Amino acid sequence: MSVRELVVLGTASQVPTRHRNHNGYLLRWDGEGILFDPGEGTQRQMLRAGVAAHDLHRICVTHFHGDHSLGLAGVIQRINLDRVPHEITAHYPRSGQRFFDRLRYATAYRETVPLTEAPVDADGTLASTDSYELEARKLSHPVEAYGYRLVEPDGRRMLPERLASYGIRGADVGRIQREGALGDVTLGDVSELRRGQRFAFVMDTRLCDGVYELAQGCDLLVIESTFLDEDVRLAVDHGHLTAGQAGAVARDAGVRHLVLTHFSQRYSEPEEFARQARAAGFEGELTVAHDLLRVPVPKRQ
Ligand SMILES: [Zn+2]
């Protein structure tokens, strides 16, 4: 049984608060763990959430502001201290290479684990595995930022009653899956499309094409809503979204489960973010994130 879930490690923008750590999110996707935007304190939040360094396979950083990257130093050293037995790959904007270098080598430690640097400098596909394609899209923020999304390839679901009606059984089931036909019977006659699942991670951006492209058709969308709608001027000036803007994006993109996060410390009422996202017309499942929350990727439709 494959596990696909989001583990929220931190939800504060800019500065941590008494109740919110700097950003940090782990996505478990089948056997892989992808760490997004480890802010300061992420190593300890992993401990509190039951996430081990061994669970990590990939790190994706949207941009080099502290709330999205200061945790790299600690997490990378922990990966090496624990001698994680597999390679780790890190993605981040190439324009921030000097920051990545400093964080990776912030203090002395013994490197024991191969860490592949795979910086991003354009929209496109970063990696392909059996269970997902990882893509990046440029966002709009005062420093260069990229959002990420995972797209599972579409597959086919075999229909037992159709197989039975054509008398196909045993090894012939595998044969028609591999070869696409068996005599006059095609794969389409005995199966239906199984749409791949989609997850997107959109942090620190104004509204821009990249936001909509990343969100399109997502089963689970994690998106920043730093500000409430009444502060939309501040949001635009600083390169952020409001709760209402995030809700409207999710509505237009057909998102199934929307997770709002990356909140400014100026607000004390989390429910207001949900209310504004709803007022923008989003009708799917909605979560206002808090630290250590787990959100499963919604079941296939
Ligand atoms: Zn931020």
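Scoring rules and cut-offs
- Here, residues in each chain are numbered from 1, in the same order as that chain's written sequence.
- Given that the model is predicted, a residue must reach a pLDDT of at least 70 before its local features are reported, and side-chain atom pairs must reach 80 or more before they are shown or counted; all residues, however, enter totals for whole chains, interfaces and linings.
- Only hydrogens and water are removed before side-chain values are computed, so all heavy atoms of the structure are retained for them.
- Each axis is a line fitted through C-alpha atoms, taken for helices only over the stretch in contact, and angles between the N-to-C directions span 0 to 180 degrees.
- Starting at the N terminus, helices and strands are each numbered in turn, a helix being any DSSP run of H or I of at least four residues and a strand any DSSP run of E of at least two.
- Note that the term roughly parallel is reserved for angles under 35 degrees, roughly antiparallel for angles over 145, roughly perpendicular for angles of 65 to 115, and oblique for everything else.
- Whether two residues touch is decided by their heavy atoms; if any such pair falls within 4.5 Å, the residues are in contact.
- Amino acid classes used here: Ala, Val, Leu, Ile, Met, Phe, Trp, Tyr, Cys and Pro are nonpolar; Asp, Glu, Lys and Arg are charged; the rest, including Gly, are polar.
- Note that the domain bounds were set by an automatic or database domain assignment.
- Criterion used throughout: strands pair if DSSP finds at least two bridges between them.
- Water is not part of the atom set, so a site may look incomplete; the donors themselves are N, O and S atoms within 2.8 Å of the metal, or 3.2 Å for Na, K and Ca.
- When two rings of Phe, Tyr or Trp (its six-membered ring) have centres within 6.5 Å they constitute a pair, described as stacked for plane angles under 30 degrees, edge-to-face for angles over 60, and tilted for the intermediate range.
- Relative accessibility under 20% of the residue-type maximum defines a buried residue, over 50% an exposed one, and the middle range a partly exposed one, all with a 1.4 Å probe and only protein chains included.
- The definition of a polar contact used here is a pair of N or O atoms within 3.5 Å, where within protein one atom must be able to donate a hydrogen and the other to accept one, and adjacent residues in sequence count solely through side-chain atom pairs.
- Salt bridge, as applied in this entry: a Lys or Arg side-chain nitrogen positioned within 4 Å of an Asp or Glu carboxyl oxygen.

Where helix α1 (residues 42–49) meets helix α3 (residues 72–81), the closest approach of the two axes is 8 Å, and the angle between their N-to-C directions is 60 degrees. On the basis of their axis angle, the class for α1 and α3 is oblique. Residues Thr42, Gln43 and Met46 of α1 form the contact with α3, whose own contacting residues are Gly74, Val75 and Arg78. Per-class residue counts for the contact of α1 with α3 are two nonpolar, three polar and one charged.

You can read the domains of the chain as domain 1 (4–154 + 195–296) and domain 2 (156–191). Between the C-alpha centres of domain 1 and domain 2 the distance comes to 41 Å.

Ordered by their spatial adjacency, seven strands build an open sheet running β6-β5-β4-β3-β2-β1-β18, and the pairing between neighbours is mixed. On the outer flanks of this sheet lie β6 (115–117) and β18 (294–296), each paired with one strand and no other. The mean angle between the axes of side-by-side strands here comes to 20 degrees, regardless of whether they run parallel or antiparallel. Alignment of strand β2 (residues 24–29) against strand β3 (residues 32–36), held across five bridges, turns out to be antiparallel. When the sheet's bridge partners are listed, Leu26 is paired in β3 with Leu35. Packing of helix α4 (residues 97–104) onto the sheet brings it into contact with β5 (88–91) and β6, and relative to β6 it is tilted by some 165 degrees.

At the metal site, the zinc ion is ligated by Asp67 (OD), His68 (NE2), Asp204 (OD) and His262 (NE2), and these contacts range over 2.0 to 2.2 Å. Written as a sequence motif, the donor residues of the zinc ion are D-H-x135-D-x57-H. Note that His68 is positioned in helix α2 (residues 66–69) and His262 in the loop between β16 (257–261) and α11 (270–279), a separation of 194 residues in sequence.

Mapped onto the elements of the fold, Ser225 is located in the loop between β15 (220–224) and α9 (232–238). In this view, Ser225 contacts Leu241, Thr242, Ala243, Ala246, Leu260, Thr261, His262, Phe263 and Phe273; residues no more than four positions away in its chain are not counted.

Let's shift gears to the packing of aromatic side chains. Within this structure, the stated rule accounts for nine aromatic pairs. An aromatic cluster of three or more residues is present, and its members are Tyr25, Phe36, Tyr148, Phe199 and Phe201.

This part is about the side chain of Glu152. Along the chain, the position of Glu152 falls in the loop between β9 (146–151) and β10 (155–158). A relative accessible area of 6% means that Glu152 is categorised as buried. A distance of 2.8 Å separates a polar atom in the side chain of Glu152 from the backbone nitrogen of Gln197. Sequence-distant contacts of Glu152, defined by excluding residues within four places in its chain, comprise Arg4, Trp29, Ser131, Tyr132, Arg194, Gly196, Gln197 and Arg300.

For the rest of this paragraph, the subject is the environment of Val15. Of note, Val15 is situated in the loop between β1 (4–10) and β2. Along the backbone, Val15 and Ser264 are 249 residues apart, and their C-alpha atoms lie at a distance of 8.3 Å. Sequence-distant contacts of Val15, defined by excluding residues within four places in its chain, comprise His22 and Gln265.

Moving on: the pattern of salt bridges. Throughout the structure, instances matching the rule amount to 23 salt bridges. With a shortest N-O distance of 2.8 Å, Arg137 and Glu213 are connected by a salt bridge. With Arg137 in strand β8 (residues 133–138) and Glu213 in helix α8 (residues 209–215), this pair connects stretches of sequence that are 76 residues apart. Among the residues examined, Arg137 registers a relative accessible area of 18% and is labelled buried. Measuring nitrogen to oxygen at the nearest pair gives 2.9 Å for the salt bridge that ties Arg275 to Glu272. Pair noted here: Arg275 and Glu272 are both in helix α11, with a separation of three residues, about one helical turn. Overlapping salt bridges, with partners in common, bring together Arg4, Asp30, Glu152, Arg194 and Arg300 in one network.

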